[in-house]
Structures are given as structure tokens and as C-alpha cells.
Amino acid sequence: MARTVESGSGQSADSGLGRYLRARRAEITPDQAGLTAVGIRRTPGLRREELAALAGISIDYYIRLERGKEIHPSPSVIDSLARALRLDAHELKHLRDLAVLAGTGSAGSADLPPTREVRPGVLALTERLRPNPVFILGRTLDVLACNPSALRLFAGLDDQPPQVRNIARYVFLHPRAPEVLDDWDERARACVARLRMLAGTDPGAPDLTDLVGELVPKSELFATLWERYDIKPHAPGVRLFHHPEVGDLHLAHESMPVDHSPKHRFVIFFAEPDSPDQDKVALLDKDRPRRPQSDGEKADGPELTV
């Protein structure tokens, strides 16, 4: 039997649709939904009967959805719930994936198992783009490859052995992460959001269950965010790093999937041309001449860049 992701309360992702509906319902206030709050409210957010009325479905039917007893909601019901909950495009897609998973046991966007092998051409690109920091990340934010400035940008990341380097593990467990990342709280939320999105499409994935199973007991913040079921991605823009070696760094970043490696993402950070930040990026890359390697490659010498 396939394993499923468990939350901090020990619940499995088999009832992910119901738990996601409950979590989103708790985030919407009556005012936001255009309702007038009446009486003492013991719990935050909308009541079940309020959400059911907004979505145009019966309260009994909605309760069965939340409890996992109704597993075949129609597309129109899902869309109505999404409108009532004011879900954005990412959240709507996630809700649809969970509905498919509830009814069939498999999500529509699940695909081939992940691989840690990075194609040689992608590795070469991380070298060509130096001194800009470049990461190749797996679907659970494993650092599959990176160039020297990337490894040094997240100060302390090299404390982790190459085969267990992971951005979420760094953000939640490394003591230097809150000092280095100016947007640490947002970065933490975005890491959980990415993992939650994966849990909606492949809840039994061993790489996901192992990582979540490690982080929930070790990080109270991770456990709290995991229960919120927030799947909104990290907003684009310039990020600020408080680096212990080169000082403050303002870097823009882009993230994109890697062709022919659909579970890998290419992430690059870059500074304004001819700026002090660009000079600092060059310092991060200095004295690190070795080429980038994936964690499956043999090192050319005693120093690894991933």
C-alpha cells in the first residue's frame, strides 16, 4: 500500500479534499464573504452552513464533502466552492486536483517518479552563468546541483551533506537561515506551499512523506504552516540577503521548469548590472573554480560545489 503524507495531527492525506476545504473556510471571514456576522462565533472563518449557502449546495452535502463521505463532487460544485472561498488560480487547480484524488485515488497532474540525476547540459549551464547563483532543485526542494556562488549565498547550506541538501530543511532547521534570509517568514510559507501542492497530486510520494515526517516534529512553525493548507507560490521580486561574508545583497530571481526533466526547477539569482550587489556576487564566486556537480557524480577533488 502506498504511503500518504501525514499532518502534525496524524491525519492522512486520504481526506485531503475535506481538510483543504476546512482550512480555506477558516481563512475567510464573514465580512470578506459579504455576510453579516450574527451571534458569538466560536471558530474563525465561515461556518459550514454559510459556505454551503454561498456555494449553492445543501449543508448536508457539504458536510459529507468535508468528512470525506462524498468523493465525487461535480466540476460545477468545485467551481462554486472555489468562488465562495475566493480561491485564486493556483488554489482552484489544487482544489480540482484534490477532488480528482478523492474520487479516483490518483490526481490528474501526477506523472513519472522523480529523479536526482541532472542532465549534463543543465549542469554546464550552471557553470556558464557564473558568477550568478544558480540552483537545480527537485520537486521537494532538494538541491540537486548548484554553482559555487549559489552554495555560498545560502550561508550554512554547505553544512548539510550534498545528498541531503534541501531548501526547506535549510529554512526551517538551520539556525542561520532567519539571519541570512530577510524574507525568512515568507520563504518558510512558500516552501510549505510548494510541498502542500505536491501533496495534492502525489500524497504517497516517499520523498515527500520522508521530508514532511522529518520537519513536522522538528519545527513547530513547519507543523503550523503545514496545517494551514496554503499553496500560494512565492511572489516574484527582489530578495534581500544578509550575508555574513559580503554584507547585504539585493538580488532578483527567476524560477522555471527544466525541459525533459519536468520535476526539476532551474532557479537563478542576479543583481543589477554594474551595481555593488553584482560585485558582491562575484566575491561569492571567487576562489571556487571547480565545475558544478550533481550529487551522483564523483568529485574531481576534495571540494564539492553541491
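Residues numbered from 1 in each chain as written. Predicted model: local features only at pLDDT ≥ 70, side-chain atom pairs only at ≥ 80, totals over all residues. Heavy atoms only, no water.

1. Comments concerning the packing of aromatic side chains
Centre distance and the angle of the planes are the two values used to describe a pair of aromatic rings.
Stage number 1. Scanning all chains against the criterion turns up 9 aromatic pairs.
Stage number 2. Ring centres of Phe154 and Tyr170 lie 5.7 Å apart, and the angle between their planes is 70 degrees; on these two criteria the pair is classed as edge-to-face. Of this pair, Phe154 sits in the loop between α7 (148-153) and α8 (167-173) while Tyr170 sits in helix α8, placing them 16 residues apart in sequence. Of the two residues, Phe154 and Tyr170, both sit in the buried class.
Stage number 3. A ring pair is formed by Phe154 and Phe269, whose centres lie 6.1 Å apart and whose planes are at 65 degrees; its orientation type is edge-to-face. (Phe/Tyr/Trp six-rings, centres within 6.5 Å; stacked < 30°, edge-to-face > 60°. Helix = DSSP H or I, 4+ residues; strand = E, 2+ residues; numbered from the N terminus. Buried < 20%, exposed > 50% of the residue type's maximum accessible area, 1.4 Å probe, protein only.)

2. Quick word on the pairing of strand β5 (residues 261-270)
Stage number 1. Burial analysis of β5 places 7 of its 10 residues in the buried class, which makes it a mostly covered element.
Stage number 2. Relative to β5, strand β1 (residues 134-137) is paired through 4 bridges, and the arrangement is antiparallel. For Leu137, the partnering residue across the bridge sits in β5 and is Arg265.
Stage number 3. Pairing analysis gives 7 bridges linking strand β4 (residues 247-258) to β5, with the strands arranged antiparallel. Along β5, the bridge assignment pairs His253 with Phe269.
Stage number 4. In textbook terms, the turn of a hairpin is the stretch between consecutive antiparallel strands, and for β4 and β5 this stretch comprises 2 residues, one of which, His260, has a positive phi near 65 degrees. (Pairing = 2+ DSSP bridges.)

3. Let's talk about the confidence of the model for the chain
Stage number 1. Averaged over the chain, the pLDDT score is 85; the fraction of residues at 70 or greater is 85%.
Stage number 2. Taken together, the stretch residues 7-14 has pLDDT below 50 and engages in 20 contacts with residues farther than four places along the chain or on a different chain.
Stage number 3. When the criterion is pLDDT under 50, residues 296-306 qualifies, and its contacts beyond four places in sequence or with other chains add up to 33 contacts. (pLDDT = per-residue confidence, 0-100. Contact = heavy atoms within 4.5 Å.)

4. A closer look at unusual backbone geometry
Stage number 1. Between Arg130 and Pro131 the backbone carries a cis peptide bond, its omega angle lying at 10 degrees.
Stage number 2. Within the fold, Pro131 resides in the loop between α6 (120-128) and β1.
Stage number 3. Non-glycine residue Leu141 carries a positive phi angle of around 70 degrees.
Stage number 4. Looking at where Leu141 falls in the secondary structure, it is placed in the loop between β1 and β2 (143-146).
Stage number 5. Exposure remark for Leu141: the relative accessible area of 5% places this residue in the buried category.
Stage number 6. Notably, His260 is not glycine yet its phi reads approximately 65 degrees, a positive angle.
Stage number 7. If you trace the backbone, His260 turns up in the loop between β4 and β5.
Stage number 8. For His260, a relative accessible area of 76% corresponds to the exposed category.

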